[in-house]
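Each chain, letter by letter, is given below.
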Amino acid sequence: MNKDIQEELIDLVRHCLTDLGWLADFVEKISLDLPTDNRFGDFSTNIALKLSKLLKRPPQAIAAELVVSLQQKLAKSELKALVTQIKVEGVGFINFYLKENYFYDKLKVIITQGKTALKSNVGAGRKVLIEFVSANPTGSLSVAHARQAAVGDCLANILFFIGFDVQREYYLNDEGNQINILGASVDLRLKELKGQKNEFPENYYQGDYIYDIAREADKQKIKDIDLGNFAADYILKIIKQELIDFGVNFDCWYSQKQLAKSGKIEQAFSRLKEKKFLYEQDGALWFKSTAFGDDKDRVIIKSDGSQTYLAPDIAYHEDKFNRGFGWLINLWGPDHHGYINRIKAAIEAFGHKSDELSVIIVQLATIFRDGQPIQMSTRRGQYITLREVLDEVGADAARFFFLMRRTSSHLDFDLEVAKKQSAENPVFYVQYAHARICSILRSSPLEIGDDLNLAVLKEKEELALIKKLLEFDTTLNICKATCDPYMLTVYLQELAECFHKFYDLHRVLDQDEALTAARLALIKGVKIVLACGLELLGITQPEKM
RNA sequence: GCCCCUGUAGCGCAAUGGAUAGCGCACUAGCCUCCGGAGCUAGUGGUACAGGUUCGACUCCUGUCAGGGGCACCA
């Protein structure tokens, strides 16, 4: 929302710097930030501080000279209608103060255009593929997958909203070792059900759901050799339903089995061979990933002739680029962090740039109940599943909680807190603000007429609220830059807080009709932004609670 | 041994390298004749340690200490 004026002010600064002969290497380094405190104006630049060393002069002196030039230029510019003051403050910051009309106009755009006013086109239609969850179809989704699902889906929502052409993809590991073990696990359980005693190996799938699959396979008279595929299909249906119930919908389920059939793996190998990035040693075929900064070279075909996991994955990533995606985002669990270098090496071997692939490591979530961590063990089939969390706290709270910490940080998720309906539970705090506004608007609908005068909104809390609304797109841009949606959860809590403070101090439905109309418009704007933010998080926007 | 994540108030956390480090819980004292008190106001209290980079460091770098996770010709 602020972008237009922000760019114009940066241009103004750039022109002044050029006039003063100081531009030098600083063309890209001019930044115009939102000050931490509104006492420091509406926008702030630290350019004088940055120039200080280069010019060997104190920052205040540089700032003072620059401000004189800025004021002269401003007087001749159309910007003078919006800017009231430019001044040097603190250690040498240059702060810009805007006229209140600027903010009233922005609010008016939001309430008249609604959600569309909040959209931007920073993505410019660029094609981005975001691959996430991609859990092996060997069991229900765990909380680790749940967090990846929440983060990936929300990030995809945000990127789409700011103008990217986004595809959500799930890489389906539907063949290979794990599927074989899955089939063997079902086979053993089936025999057990028929009265045969046998040893059940430790690395087989231990969960009780294997018995269910065995019974179903028996009913359908599935052949031994097909048990793995049957079980994978069976589990995949469960996974798909879990994701749907969590509000996550994939555009593409990319099958590893299909990839293998397509011949793309061999094609990828021959291209790597041409480029001399493959070699044989100890009976195995190696990929020379050290050429691109990996710690060691990696085996892609084992000495027994079978492929490692990396083999199809190399072809898969090359295929992503071949499908026209210019930006790949992968969400992986922390157990894959050592894998980043080799897959980046692979895309570089094909001539892509390292930064065309963003790998986001989604740290684990620990589930707590009343402050006590719940122990889990994947091996024994005892882990907290997405399904259990959904059943217990619902999709709204689950999504918010999985998103509310930096994705790269560990997350503690207390089921009891997520169920609480109080300020301890941030999802309720934000939704409550929305419901409260809806309640007022139900009793007194806003009618936007020509006589709507927002300039009567003079209170500190009112202006703070409008300014907070305008930070929405800054927030989304931070989410994009960090590939992390969690900042949006922080923003929505701050916006809700600004609203609750305003609400407590000032009556919306006032004696003064003009003021009432303006305040109704203000809360309508807050409702629009809250609803939009919640929607991007994939959380409902209740009108009543 | 190597790699990743984390260390901020009693607890849980926040702060795109920026100005006086914010919020919730808990504790203390207040606010409902009033649009939803699931809310608000005030008080108490903090950057693990040692260096470095920078005009400026919770933020970046190095080391130490502490906690969590990972280091296959598994996937």
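Residues numbered from 1 in each chain as written. Chains lettered and ligands numbered in written order. Predicted model: local features only at pLDDT ≥ 70, side-chain atom pairs only at ≥ 80, totals over all residues.

### Looking at the overall build of chain A
Looking only at helices and strands, chain A features 19 helices and 14 strands. Seen through its principal axes, chain A has C-alpha atoms that stretch 85 × 60 × 40 Å. Across the 545 residues that make up chain A, the buried fraction comes to 40%. Long-range contacts, defined here as pairs at least 24 residues apart, represent 72% of the contacts in chain A between residues at least 6 apart. (Helix = DSSP H or I, 4+ residues; strand = E, 2+ residues; numbered from the N terminus. Buried ≥ 20, exposed ≤ 12 C-beta atoms within 10 Å, placed from the backbone. Contact = placed C-beta atoms within 7 Å.)

### Topic: the sheet that holds strand β13 (residues 372-373)
On the basis of which strands lie adjacent, the open sheet formed by three strands has the order β13-β12-β14 and mixed pairing. A strand with exactly one partner marks an edge of an open sheet, and here the two such strands are β13 and β14 (411-414). Pairing between strand β12 (residues 365-369) and β14: four bridges, direction parallel. For Phe368, the partnering residue across the bridge sits in β14 and is Asp414. (Pairing = 2+ DSSP bridges.)

### What to know about the domain arrangement of chain A
Assigned domains of chain A: these are domain 1 (3-98) and domain 2 (104-122 + 426-537). On a C-alpha basis, the centres of domain 1 and domain 2 stand 29 Å from each other. (Domains from an automatic or database assignment.)

### A closer look at the sheet that holds strand β1 (residues 43-45)
The three strands are arranged β1-β3-β2 in an open sheet whose pairing can be described as antiparallel. The sheet is open, and its two edges are formed by β1 and β2 (83-89), each paired on a single side. Each adjacent strand pair in this sheet contributes to an overall mean axis angle of 20°, direction not counted. With six bridges joining them, β2 and strand β3 (residues 93-98) adopt antiparallel strand pairing. Within β3, the position partnered with Glu89 by the bridge is Phe93. (Axes fitted to C-alpha atoms, helices over the stretch in contact; angles between N-to-C directions.)

### Some points on the nonpolar core
Formed by 132 residues in total, the largest nonpolar core has its most connected members in Leu107, Ala146, Ile158 and Val526. It is helix α19 (residues 513-537) that contributes the most residues to this core, 15 residues altogether. Once you skip the residues sitting within four places of it in the chain, Ile158 turns out to touch Leu476, Cys479, Lys480, Pro485, Leu488 and Leu536. Counting residues in each nonpolar core, the second largest holds 21 residues, with Ile5, Leu9, Val83 and Phe93 among its members. (Core = buried A, V, L, I, M, F, W, Y, C linked by C-beta atoms within 7 Å.)

### A look at the pairing of strand β7 (residues 278-281)
Put simply, side chains in a regular strand alternate between the two faces of the sheet. Direction of pairing for β7 relative to strand β8 (residues 284-287): antiparallel, over a ladder of four bridges. By the bridge assignment for β8, Gln281 is matched with Ala284. Here β7 hands over to β8 after two residues, with Asp282 in that stretch at a positive phi of 55°.

### Observations regarding the environment of Tyr234
Along the chain, Tyr234 turns up in helix α8 (residues 227-245). Residues Tyr234 and Thr138 lie 96 residues apart in sequence; the distance between their C-alpha atoms is 9.3 Å.

### Comments concerning the packing of helix α10 (residues 264-274) against helix α11 (residues 310-322)
Two elements in contact, α10 and α11, have axes separated by 9 Å at closest approach and are oriented at 90°. By the criterion of interaxial angle, the relationship of α10 to α11 is roughly perpendicular. Here Lys264, Ile265 and Ala268 of α10 lie close against α11, whose contacting residues are Ala311, Pro312, Ile314, Ala315, Glu318 and Asp319. The residue inventory of the contact of α10 with α11, partitioned by class, reads six nonpolar, no polar and three charged. (Parallel < 35°, antiparallel > 145°, perpendicular 65-115°, else oblique. Nonpolar A, V, L, I, M, F, W, Y, C, P; charged D, E, K, R; others polar.)

### Some points on helix α2 (residues 47-55)
All of the buried residues along α2 are Ile47, Ala48 and Leu51. The buried residues of α2 occupy one face: seen down the axis, they fall within an arc of 80°. Of the residues flanking the end of α2, it is Lys56, one or two places downstream, whose phi is positive at about 55°. (Arc of directions from axis to C-beta.)

### Brief notes about the pairing of β3
Here β1 runs beside β3; their pairing, made up of three bridges, is antiparallel. Each residue of the ladder has a partner; that of Phe43, found in β3, is Phe96. Counting the residues in the hairpin turn of β2 and β3 gives three residues, including Gly90, whose phi is positive at 65°.

### Observations concerning the packing of α2 against helix α3 (residues 59-75)
Angle between the axes and distance between the axes are the two parameters that describe a pair of packed helices. One can describe the packing of α2 onto α3 by two numbers: an axis separation of 8 Å at closest approach and a directional angle of 115°. One way to sum up the angle between α2 and α3 is to call them roughly perpendicular. Note that α2 runs across α3; the crossing there is right-handed. Listed contacts from α3 to Ala48, Leu49, Leu51, Ser52 and Leu55 of α2 are Pro59, Ile62, Ala63 and Leu66. Of the residues assigned to the contact of α2 with α3, the class counts are eight nonpolar, one polar and no charged. (Left-handed = near helix turned anticlockwise from the far one by under 90°.)

### Focus: the environment of Phe40
Secondary-structure assignment places Phe40 in the loop between α1 (3-19) and β1. Taking the number of C-beta atoms within 10 Å as the measure of exposure, Phe40 has 18 and is therefore partly exposed. Expressed as a C-alpha distance, the spacing of Phe40 and Tyr97, which sit 57 residues apart in the sequence, is 8.2 Å. Once residues within four sequence positions are removed from consideration, Phe40 is found in contact with Pro35, Glu89, Phe93 and Asn95.

### Quick word on unusual backbone geometry
Although it is not a glycine, Ala124 adopts a positive phi angle of roughly 50°. With respect to the helices and strands, Ala124 occurs in the loop between α4 (100-113) and β4 (127-131). The phi dihedral of Ser134 falls on the positive side, at around 45°, and the residue is not glycine. Within the secondary structure layout, Ser134 lies in the loop between β4 and α5 (143-161).

### A look at the confidence of the model for chain A
Low pLDDT means the predicted atomic positions in that stretch should not be read closely. In this model, chain A carries a mean pLDDT of 90, and residues with pLDDT of at least 70 account for 96%. Both scores are given for the predicted complex: the pTM is 0.94, the ipTM 0.93. (pLDDT = per-residue confidence, 0-100.)

### A closer look at helix α6 (residues 177-193)
End to end, α6 covers 24 Å across 17 residues, agreeing with the expected 24 Å (1.5 Å per residue, within 8%). Listed as buried for α6 are Ile179, Leu182, Gly183, Ser185, Val186, Asp187, Arg189 and Leu190. Looking at the buried side of α6, the elements it contacts are α7 (209-219) and α8. (Expected span 1.5 Å × (residues − 1).)

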